Amino acid sequence: MAKERKGFFQRFLDRVEIVGNKLPHPITLFAILSLVVIFVSAIISAFGVSVEHPGREGEMVEVQNLLSAEGIQYIFTSMVDNFIGFAPLGVVLATMLGIGLAERTGLISACLRGFVLSIPQRLITAGLVFAGIMSSVASDAGYVVLPPLGALIFAAIGRHPLAGLAAAFAGVSAGFSANLFLSATDPMLGELTIQAASIIDPAYAETMNIAMNYYFIIASVFLLTIVGAWVTEKVVEPRLGEYKGEYREDIKGLDAIERKGLIWSVLALAVALVATALLILPPDAPLRGEDGGIIQSPFMSSLVPIIMILFFVPGLVYGIVTKNIRNDKDVANQLSDTMSAMGMFIVLAFTAGQFVAFFAETNLGLVIGVYGAEFLQSINFSGIPLIIGFILVAGFINLFIGSASAKWAMMAPIFVPIMMQLGYSPEMTQMAYRIADSTTNIITPLMTYFAIIIAFAQKYDKKMGIGTLISVMFPYTIIFTIIWTLMLIVWMVLGIDLGPGSPILYQQ
């Protein structure tokens, strides 16, 4: 029997998987890129390339040679500082102290299960997508909890379990950059964006904050929930057809102790929110700005510890009530386990920190930004086509490199200055990147949790493989990308701020 011929897209994704698997680990990749920056700086410096600093009229900037005596001294004397000073390192670790405790005590899982299991059947699809989107506040917990739960619920109510798994997976992964709350992703990407913006305009970078996309990601939750439910019920589920398998499991709801823990954790969160509000809302509150405002204030600079506390407190209370925490040693052990899980990120921060610092020290980002912007202007590539083109480029890169922070650490020093030169704010560039990164997560075999999702799906379809899962998820990628990009374009045309004090356009 002749072997069925694969379609063009399937062959393309097969090639993506092959090429992606041959790429070095992101840690190694950043080490290689650091060496590339060192040698490229020497070559370009030898040609005497210089540009006028866009923020300082008349000031010429040259590429600094890192293979000169001064450059070599810089490499060795700054290595530790480059690691410690890597923008996302401290904010991510601090945020994860709170989020990690809430996750390890079981609070996050209980919240997700309790929400999904309480939804009426007619709203279950939208509820799964919504819960998946919201799960990004707990980093990767949603990948483990929601897809198998979605499949189980759909099977129990007579619908195709893979449609339930797909709806949850789409919410968790394709909707990763939408949320009603700030998550660990916001400070992680935000600090890189601020650092990249300082290449062109340090004064502007000082006015930025990690909530720079907050208004847009809130609105995105509702749009993606509606779109995700529609794609599931009108496209994915009809294509899957009737489920004829026999695999079933009992749906485990919340037990009495979990419900009690949730009640007390909600009360604890309410107390923490009131205490936080008292530090912000009164006219003479200590976290208000000198002018009495909030946007440029200590509050906006304190978002990371506030996020940490608002997760830590209810997580701690939930753990105490459910007996997952019995003493301070349990708290210390769970926090230690959280930091242990961040080991890969810490090592990545060392090599990524060198790359980012070397790139800034050599002035390569500034030079590329000026020349890149001039080239795009010369071919009249700007406005909406520019934004769409950037989203497509970022989405394509995401097929090969799964880590959002690793990609943005490489891309931000190049694209943020270029887009600023063309009149688009760093906040706008970051949001366009987040759309591209999120929507293509579910079709790249190199995404960390892709194999786990396949394992969940194989309970219901033994033949499920990479190609089949990608074909199921591809409609979400296409429609999410189109709708989300259109939303960003409408936002851009209307000139609405993306977050507190975060405009669409950049003006020096």
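Not measured: the values here are computed from a predicted model.

1. Structural notes on the overall build of the protein chain
From N to C terminus, the protein chain includes 22 helices and 2 strands. Radius of gyration (C-alpha) of the protein chain: 24 Å, near the 23 Å computed for a compact globule of 508 residues. Projected onto the principal axes, the alpha-carbon positions of the protein chain cover approximately 70 × 70 × 45 Å. Evaluated residue by residue, the protein chain yields a buried proportion of 53% over its 508 residues. Counted over contacts in the protein chain with a minimum sequence separation of 6, partners at least 24 positions apart contribute 80%. Of the roughly 22400 Å² that the protein chain leaves accessible, carbon and sulfur atoms contribute 65%. The centroid of the 27 positive side-chain charges in the protein chain is displaced by 17 Å from the centroid of its 35 negative side-chain charges.

2. Examining the nonpolar core
Phe 216, Trp 408, Met 473, Tyr 476 and Leu 488 are the most contacted members of the largest nonpolar core, which totals 158 residues. The contact partners of Leu 488, leaving out residues within four places of it in the chain, are Phe 216, Ile 387, Ile 391, Met 428, Met 431, Ala 432, Ile 435 and Leu 498.

3. Observations concerning the packing of helix α8 (residues 161–174) against helix α11 (residues 214–240)
The contact between α8 and α11 brings their axes to 9 Å, and the two run at 140°. Classified by the angle their axes make, α8 and α11 are oblique. Considering how the two elements wind past one another, α8 and α11 form a crossing that is right-handed. Across the interface between the two elements, Leu 162, Ala 163, Ala 166 and Ala 167 from α8 touch Thr 232, Val 236, Glu 237 and Leu 240 from α11. Each residue belonging to the contact of α8 with α11 can be placed in one class, and the counts come to 6 nonpolar, 1 polar and 1 charged.

4. Focus: the environment of Val 36
One can find Val 36 in helix α2 (residues 26–46). On the accessibility criterion, Val 36 (41% relative accessible area) is partly exposed. Between the alpha carbons of Val 36 and Phe 355 there is a distance of 9.2 Å; along the sequence they are 319 residues apart.

5. Comments concerning the packing of aromatic side chains
According to the stated counting rule, one finds 13 aromatic pairs in the structure shown. Taking the centre distance of 5.0 Å and the plane angle of 80° together, the rings of Phe 216 and Trp 491 count as edge-to-face. Taken together, the residues Phe 216 in helix α11 and Trp 491 in helix α22 (residues 466–494) connect sequence positions 275 residues apart. The class of Phe 216 is buried, set by a relative accessible area of 0%.

6. Topic: the pattern of salt bridges
Note that side chains of opposite charge can pair when their charged atoms are close. Taken as a whole, this structure holds 5 salt bridges when the rule is applied. Its salt-bridge partner being Glu 233, residue Arg 159 comes within 3.9 Å of it at the nearest N-O pair. In this pair, Arg 159 sits in the loop between α7 (141–156) and α8 while Glu 233 sits in helix α11, placing the two residues 74 residues apart along the sequence. According to the relative accessible area criterion, Glu 233 is partly exposed, its value standing at 33%.

7. Here's the deal with a nonpolar patch on the surface
There is a patch of nonpolar side chains on the surface, built from Ile 384, Ile 388, Leu 392, Val 490, Val 493, Leu 494 and Ile 496 and spanning about 620 Å² of accessible area. Contributions of two or more residues to the nonpolar patch are made by α18 (383–398) and α22. Owing to a relative accessible area of 62%, Val 493 belongs among the exposed residues under this scheme.

8. Quick word on helix α5 (residues 107–117)
Turning to α5, its buried residues number three or more, namely Leu 107, Ile 108, Ala 110, Leu 112, Arg 113 and Val 116. Packed against the buried residues of α5 are α4 (87–104), α6 (124–134), α7, α12 (256–278) and α14 (303–321).

9. Examining unusual backbone geometry
Glycine aside, residues mostly have negative phi, and peptide bonds are mostly found in the trans state. Even without being a glycine, Lys 323 presents a positive backbone phi close to 70°. Structurally, Lys 323 is set in the loop between α14 and α15 (328–341). When its relative accessible area of 48% is taken as the criterion, Lys 323 is described as partly exposed. Positive phi values are uncommon outside glycine, yet Asn 380 reaches one of about 55°. Within the fold, Asn 380 resides in the loop between α17 (364–378) and α18.

10. Here's the deal with α14
One turn of an α-helix holds 3.6 residues; hence residues three or four places apart share an orientation. With 19 residues, α14 extends 28 Å between its outermost C-alpha atoms, agreeing within 8% with the 27 Å of an ideal straight helix rising 1.5 Å per residue. Elements in contact with the buried residues of α14: α4, α5, α9 (185–200), α12 and α13 (298–301). Looking at the residues trailing α14, positive phi occurs at Lys 323, about 70°.

11. Things to note about the confidence of the model for the protein chain
The pLDDT averaged across the protein chain works out to 89; a share of 94% of its residues lies at or above 70. At the low end of the mean pLDDT range in the protein chain sits helix α1 (residues 8–22), at 64; at the high end sits helix α20 (residues 426–439), at 97.

12. Observations regarding the environment of Tyr 476
Tracing the chain through its elements places Tyr 476 in helix α22. Given the relative accessible area of 0%, Tyr 476 is considered buried. Remark: the alpha-carbon pair of Tyr 476 and Gly 171, spanning 305 residues in sequence, is separated by 9.5 Å. Sequence-distant contacts of Tyr 476, defined by excluding residues within four places in its chain, comprise Ala 163, Ala 166, Ala 167, Ala 170, Gly 228, Val 231, Thr 232, Val 236, Ile 442 and Thr 481.

13. Some points on the side chain of Thr 440
As for its placement among the helices and strands, Thr 440 is situated in the loop between α20 and α21 (450–457). You can call Thr 440 buried: its relative accessible area is 10%. At 2.7 Å, the side chain of Thr 440 forms a polar contact with the backbone oxygen of Ala 436. With near-sequence residues (within four places) excluded, Thr 440 lies in contact with Gly 395, Asn 398, Leu 399 and Thr 477.

14. A short note on the environment of Arg 288
Residue position: Arg 288 is located in the loop between α12 and α13. Measuring from C-alpha to C-alpha, the distance between Arg 288 and Phe 480 comes to 38 Å, with 192 residues separating the pair along the chain. Residues within four places of Arg 288 in sequence aside, it is in contact with Leu 279, Ile 280, Leu 281, Pro 282, Pro 283, Gly 293, Ile 294, Ser 297 and Pro 298. One polar contact links the side chain of Arg 288 to the main-chain carbonyl oxygen of Leu 281, over a distance of 3.1 Å.

Parameters at a glance
Residues numbered from 1 in each chain as written. Predicted model: local features only at pLDDT ≥ 70, side-chain atom pairs only at ≥ 80, totals over all residues. Heavy atoms only, no water. Helix = DSSP H or I, 4+ residues; strand = E, 2+ residues; numbered from the N terminus. Rg over C-alpha atoms; globule rule 2.2 N^0.38 Å. Buried < 20%, exposed > 50% of the residue type's maximum accessible area, 1.4 Å probe, protein only. Contact = heavy atoms within 4.5 Å. Areas by Shrake-Rupley, 256 points an atom, 1.4 Å probe, with all protein chains shown as cover. Lys, Arg positive; Asp, Glu negative; His and termini not counted. Charge placed at Lys NZ, Arg CZ, Asp CG, Glu CD. Core = buried A, V, L, I, M, F, W, Y, C linked by side-chain atoms within 4.5 Å. Axes fitted to C-alpha atoms, helices over the stretch in contact; angles between N-to-C directions. Parallel < 35°, antiparallel > 145°, perpendicular 65-115°, else oblique. Left-handed = near helix turned anticlockwise from the far one by under 90°. Nonpolar A, V, L, I, M, F, W, Y, C, P; charged D, E, K, R; others polar. Phe/Tyr/Trp six-rings, centres within 6.5 Å; stacked < 30°, edge-to-face > 60°. Salt bridge = Lys/Arg side-chain N within 4 Å of Asp/Glu carboxyl O. Patch = residues over 30% accessible without salt bridge, like charges linked within 9 Å, V, L, I, M, F, W, Y side chains within 5 Å. Expected span 1.5 Å × (residues − 1). pLDDT = per-residue confidence, 0-100. Polar contact = N/O pair within 3.5 Å; in protein donor to acceptor, adjacent residues only side chain to side chain.

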